[in-house]
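Secondary and tertiary structure notes
What follows is each chain in one-letter form.
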Amino acid sequence: MANVVIKSDDVIECFLYPKFCLTKNFEQITEEKLLEEINKYYDATKHITKDYIWHKDSLTFFPRTKRSLLLETIIEGSGYEDNELIPHIYAKLHFDEDVGDEWFTVYLINYLTKVFEGLTARVTDSDGEFLLIESANALPSWANPEICEKRVFISNGSIHVIPDKDKSLFDNLNSISNNPNLFKLSEAVQSIIQKRINIYPEEIKERAHKARAYLPEKAAFMLQEDPGLIAPAIRMLFHSDPFERKVCRGMKFFPPEQRTMVNVKMTKCLYAMIMHCRYTGDPMTGWNLPPVNSAIYNAHLLGVKIACGLEMLISSAYEEQRKKANDTSTVSNNDLLKMRERTLNAFVSRLELSGYFKDLLEGSREREKLLQVAKDYFSNNSTSNKLLNLEPEHDKEKVLKVWANIQTNDVDFTGHDESNLSPSDSDDWLSVNPVELENLLGERWGDGKTKAEKPTSQNLRRKIQNFLKESSGVEGVQLFQDTDMKLDVEDSGRIEFDTDAFDIALRDILDLAVPGGDSEFDDSSEESLGGDDEDKCGEMDDYMRQLDNELRMEKTLGHEKLCETPKSQDKIESNLMESLSREAGGSGPAGNIIGGPIRKFMHLQLQSPSTVPPDLQS
C-alpha cells in the first residue's frame, strides 16, 4: 500500500506533458529528450524571469521518465498508479510567505502552453486544484472536488476539466489534444484566472521595492554579484532565534568598519519582513546607528539587518561543510563501500518484495536487465546531486560560491559616489487603514452580486412555476440558482444587521400596534424614576388592557383571513397558502418546496401570536 504523501502548505507542483509524451511507447522517451525540451522552456521564459527575485525557490524543471517514475513509486510510495506513469517534466517550488511566487509560476506555465503547441500541464498545491477554488463562483454545478481531482488541465492558455472518472490520465491528455475546445470551461472561469495572472510580467516591477542601505563593502559586492541573495539573507534573519544571532556579535565576514551607501532591490514582501523584524544588531559590535529621528536612520538599520542575515547564512553554510567533512573523515573508504553495498542490497530486497522483478528467475537476462536499471537509479539518487545534477542549488551553496569569488577579487568602492544613488521608494504601502483594507478585500473577493430580492407573492409564484418546468437529475432539481433568494450578504463578506429594519419586519409579521407614540417615552429618566408608584401601576394596567384588546382583534381578523380566499391571488398561490397554514410551520410538501426559513415566516404571517405552535414560539 502506497504511503500517503502530505503536501506542505507552501508548495506548488507542476506537471508538463509535451506532445511527444502522448505515445504508448514510453520506453523511447529518454531523459536526454526531456532535457532538450526543458532547455527550450528556459530559453522561452528567460526574458521574463531575468529580473525576478524568487522568495525561496526558483522554478526548476526535472525530467521524469517511466523508469524513474516506476522506481519512485516502489521505493518512496509516491502513490502513482499504472495509468499515471507517463513521462513528463516536473517542477516543485516552495513559495514560503510570498504567494506571489505561486501565481507567477502559474503565469509561466500558462505562457509555455501557448508558446509550445500541444503542451498540456497540471498545477496543484496543498489545497488541490486551486485554480478551480480561485474561480469557484463561476464553476458549473457539477464541478465538485471528487469529480475534478487530477482532471484539471492547462492547454493553449485555457483551463480544461474532464469530468469522466473512468478515463485514465493518458486518455485525458489525448482527449484535450484531439478536442481542444470540447472540455474547455466557460469564459467566465477563464476570465477569472486570466485576471489573476495577466498582471504579469508588469507585476514584477510593481512588487519590487528599492531602498537605500548602509552596508559593509563585501556585503554590497555580494548583492551586486547576485541580487537574488537578498531573499535568503532576509529570511535567515527573520526566522532566526537569539542563539543563531550570536554569530553577529563578532561579524567575522562583514565587519562594520568599512561601509558604503548603496541601492538595494528586493520584493515588497521581503521589505515588509525585514522592516517588521525588531533586531537592531548587537550594540557591542560597533554599528553606531544614528538617532531614530535622523533621515539616514532607516538606511543604516536596513544595512545592519541585511549584513547580519548574510553573516548567519555564511556561518551556517560553513558549519554544514565542517560537519560533512568530519563525518567523512571518521569513516574509511572500505567502510563507505561496505555501507553502500549494504544499502544497495536492502534496496534490491525492497524491490523484490514489491514485485519489481515479476517473479523472474535469478540470473535470467530479463531479471539482470531490470536489476541494472534499478542500480543505475540507485546510483543517480544516492549522490549529493540527484538525477543528472539538476537539483536546484541551495541558498547556502550559492552564498559560498559568491563569497569565494570575493576572495579572488579585490572589493573597492573608493570611486563610489553616493550622490548618484536614486532615492528610496516610498513605503507608505506598509500602512493600510481599515477602509482601504475593506476596499481591497471587497475588490479581491467580492462577487459583485446584488442583494437578495425581497420575497413577494409575485416572485414566489414565479419560483414555483420555474420549479414545475425543471426536470430532475441525479441529485434532484437545482432550486434558486439566481441571486434573488440568497442571503443578504455584503460583498465584503460581512452580514449587516439593521435594527430599524428588523423592528419594522417584526411588526409586519405580527401586525402588532403598540399603543401610544414615541411621546410616551420622551420623559427624562429622572422624571420616570421620580414618579408616583400608583401612577406607574395605573399606566401599566391601562397599557396591558389595550394590549389584550389588540391581541383579541388580531386573532379575530386572522381567523377571518384564513377562512376567505383572496380574489387577487391565483389558484397556485391560494393552494400554497392553504397548505402552509395546515402544515403549521412544520414539514410538508409546500414547506419543502419554498424552504424552511420562508416557510416559518409565511406561517407567522398567517397566524396570530396566540395560535403559533409551541415549537415556533420564542
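Cut-offs used in this document
- Along each chain, residues carry numbers from 1 onward, in the same order as the chain's sequence is written.
- Given that this is a predicted model, residues contribute local features only at a pLDDT of at least 70 and side-chain atom pairs are listed and counted only at 80 or more, while totals for whole chains, interfaces and linings are drawn from all residues.
- Computation of side-chain values: all heavy atoms of the structure, hydrogens and water removed.
- Put simply, DSSP marks the helices as runs of H or I at least four residues long and the strands as runs of E at least two long, and each gets a number from the N terminus on.
- Each residue gets one of three labels from its accessible area relative to the maximum for its type: buried under 20%, exposed over 50%, partly exposed in between, using a 1.4 Å probe on protein chains only.
- Contacts are assigned to residue pairs with any non-hydrogen atoms lying within 4.5 Å of each other.
- Methods summary: accessible areas were calculated by the Shrake-Rupley approach with a probe of 1.4 Å, and residue burial reflects only the protein chains presented.
- The score called pLDDT rates the predictor's confidence residue by residue, from a low of 0 to a high of 100.
- Helix axes are fitted to C-alpha atoms over the stretch in contact, other axes to C-alpha atoms as well, and angles between N-to-C directions run from 0 to 180 degrees.
- Roughly parallel means an angle under 35 degrees; roughly antiparallel means over 145; roughly perpendicular covers 65 to 115; every other angle is labelled oblique.
- The crossing is said to be left-handed when, going from far helix to near helix, the turn is anticlockwise and less than a right angle, and right-handed when the turn is clockwise.
- Each residue gets one label: Ala, Val, Leu, Ile, Met, Phe, Trp, Tyr, Cys and Pro are nonpolar, Asp, Glu, Lys and Arg are charged, and the others, such as Gly, are polar.
- The working definition used for a salt bridge is a side-chain nitrogen of Lys or Arg within 4 Å of a carboxyl oxygen of Asp or Glu.
- Side-chain atoms alone can form a polar contact between residues adjacent in sequence; in general such a contact is a pair of N or O atoms within 3.5 Å, and within protein one must be able to donate a hydrogen while the other accepts it.
- Grid points spaced at 1 Å over the protein atoms alone were grouped into cavities, where a 1.4 Å probe fits but cannot get out, and pockets, open sets with protein on both sides within 12 Å along at least five of seven lines, with lining residues defined by an atom within 4 Å of a point.
- Grid points are joined across faces, edges and corners, and a volume is the space filled by probe spheres set on the points.
- Each pair of strands is called paired provided DSSP finds at least two bridges between the two strands.
- Put simply, two rings from Phe, Tyr or Trp (the six-membered ring, in Trp's case) pair if the centres are within 6.5 Å, and we call them stacked under 30 degrees between planes, edge-to-face over 60, tilted for the rest.

It is worth spelling out the overall build of the protein at this point. For the protein, the count of helices and strands is 23 helices and eight strands. In the protein, which comprises 618 residues, the proportion classed as buried is 37%. When contacts within the protein are restricted to residue pairs at least 6 apart in sequence, long-range pairs at least 24 apart make up 77% of them. Of the roughly 37500 Å² that the protein leaves accessible, carbon and sulfur atoms contribute 51%.

Right, let's get into the confidence of the model for the protein. Detailed conclusions should not be drawn from predicted coordinates in areas where pLDDT is low. Summarising the model, the protein shows a mean pLDDT of 77, and 66% of its residues fall at 70 or more. Considering only residues more than four positions removed or in separate chains, one finds that residues 448-453, a stretch of pLDDT under 50, has 15 contacts. Confidence over residues 565-569 falls short of pLDDT 50; this stretch has three contacts with residues more than four positions distant or in other chains.

With that settled, the discussion passes to the packing of helix 10 (residues 230-238) against helix 11 (residues 268-275). For the pair helix 10 and helix 11, the least separation of the axes is 10 Å and the interaxial angle reads 30 degrees. With respect to helix 11, the axis of helix 10 lies roughly parallel. The way helix 10 lies across helix 11 gives a crossing that is left-handed. Two secondary-structure elements touch here, helix 10 through Ile230, Ala231, Ile234, Arg235 and Phe238 and helix 11 through Leu270, Met273 and Ile274. Of the residues assigned to the contact of helix 10 with helix 11, the class counts are seven nonpolar, no polar and one charged.

Omega for the peptide link from tyrosine 200 to proline 201 comes to 5 degrees, which places this bond in the cis form. Checked against the element boundaries, proline 201 lands in the loop between helix 7 (187-197) and helix 8 (202-206). Unlike most non-glycine residues, methionine 251 shows phi in positive territory, near 45 degrees. With respect to the element layout, methionine 251 can be found in the loop between helix 10 and strand 8 (259-267). What makes methionine 251 buried here is its relative accessible area of 1%.

Pairing is possible between side chains of opposite charge, provided their charged atoms come close. Throughout the structure, instances matching the rule amount to 10 salt bridges. The salt bridge partner of aspartate 395 is arginine 235, with a shortest N-O separation of 2.9 Å. A residue pair is termed long-range when its members are at least 10 positions apart, and aspartate 395 in helix 15 (residues 395-407) and arginine 235 in helix 10 qualify at 160 residues. Arginine 235 matches aspartate 395 in its accessibility class, with the two residues each being buried. Between lysine 396 and glutamate 320 there is a salt bridge, with the nearest N and O atoms lying 2.9 Å from each other.

This part covers the environment of glutamate 97. Mapped onto the elements, glutamate 97 comes out in the loop between strand 3 (88-94) and helix 3 (100-115). Owing to a relative accessible area of 33%, glutamate 97 belongs among the partly exposed residues under this scheme. Each C-alpha atom of the pair glutamate 97 and lysine 56 lies 8.8 Å from the other, and the pair is 41 residues apart in sequence. Apart from residues lying up to four places away in sequence, glutamate 97 is in contact with His55, Arg235, His239, Cys269 and Met273. At 2.7 Å, the side chain of glutamate 97 and the side chain of histidine 55 are in polar contact.

Here the focus is empty space enclosed by the protein. The final tally for this structure, using the stated rule, is two cavities of 30 Å³ or more. Taken as a whole, the largest cavity encloses approximately 40 Å³ of empty space. Contributing to the lining of the largest cavity are Asp51, Tyr52, Ile53, Ile204, Arg207, Ala208, Lys265, Met266 and Thr267. Element by element, the count of residues in the lining of the largest cavity is highest for strand 8, at three residues.

Moving on, we get to the sheet that holds strand 1 (residues 11-17). Read from one edge of the open sheet, six strands run 2-3-1-4-5-6, paired in antiparallel fashion. With one partner strand each, in any of the chains shown, strand 2 (61-64) and strand 6 (158-161) form the two edges of the open sheet. Adjacent strand axes in the sheet meet at a mean angle of 30 degrees, parallel and antiparallel pairs treated alike. Taken together, the two bridges between strand 4 (residues 120-125) and strand 5 (residues 152-155) define a ladder with antiparallel strand orientation. In the sheet register, alanine 121 faces strand 5, and the bridge partner there is isoleucine 154. Sheet contacts for helix 1 (residues 31-49): strand 1, strand 2 and strand 3; angle to strand 2, the most-contacted strand, approximately 155 degrees. Contacts from helix 3 reach strand 1, strand 2, strand 3, strand 4, strand 5 and strand 6, with the element oriented near 5 degrees to strand 1.

So, about the packing of aromatic side chains. Under the definition given, this model contains 17 aromatic pairs. Consider the rings of phenylalanine 104 and tyrosine 200, whose centres lie 5.2 Å apart with planes at 50 degrees: the pair is tilted. Highlighted residues: phenylalanine 104 in helix 3 and tyrosine 200 in the loop between helix 7 and helix 8, separated in sequence by 96 residues. Each member of the pair, phenylalanine 104 as well as tyrosine 200, carries the same accessibility label: buried. Between the aromatic rings of tyrosine 271 and tryptophan 429, the centroid separation amounts to 6.0 Å while the plane-to-plane angle is 55 degrees, which identifies the pairing as tilted. With a gap of 158 residues between them, tyrosine 271 in helix 11 and tryptophan 429 in the loop between helix 15 and helix 16 (434-445) connect regions that are remote in the sequence. With relative accessibility at 29%, the residue tryptophan 429 sits in the partly exposed group. Site record: aromatic cluster; members linked through ring pairs are Tyr52, Trp54, Phe104, Tyr107, Tyr111 and Tyr200.

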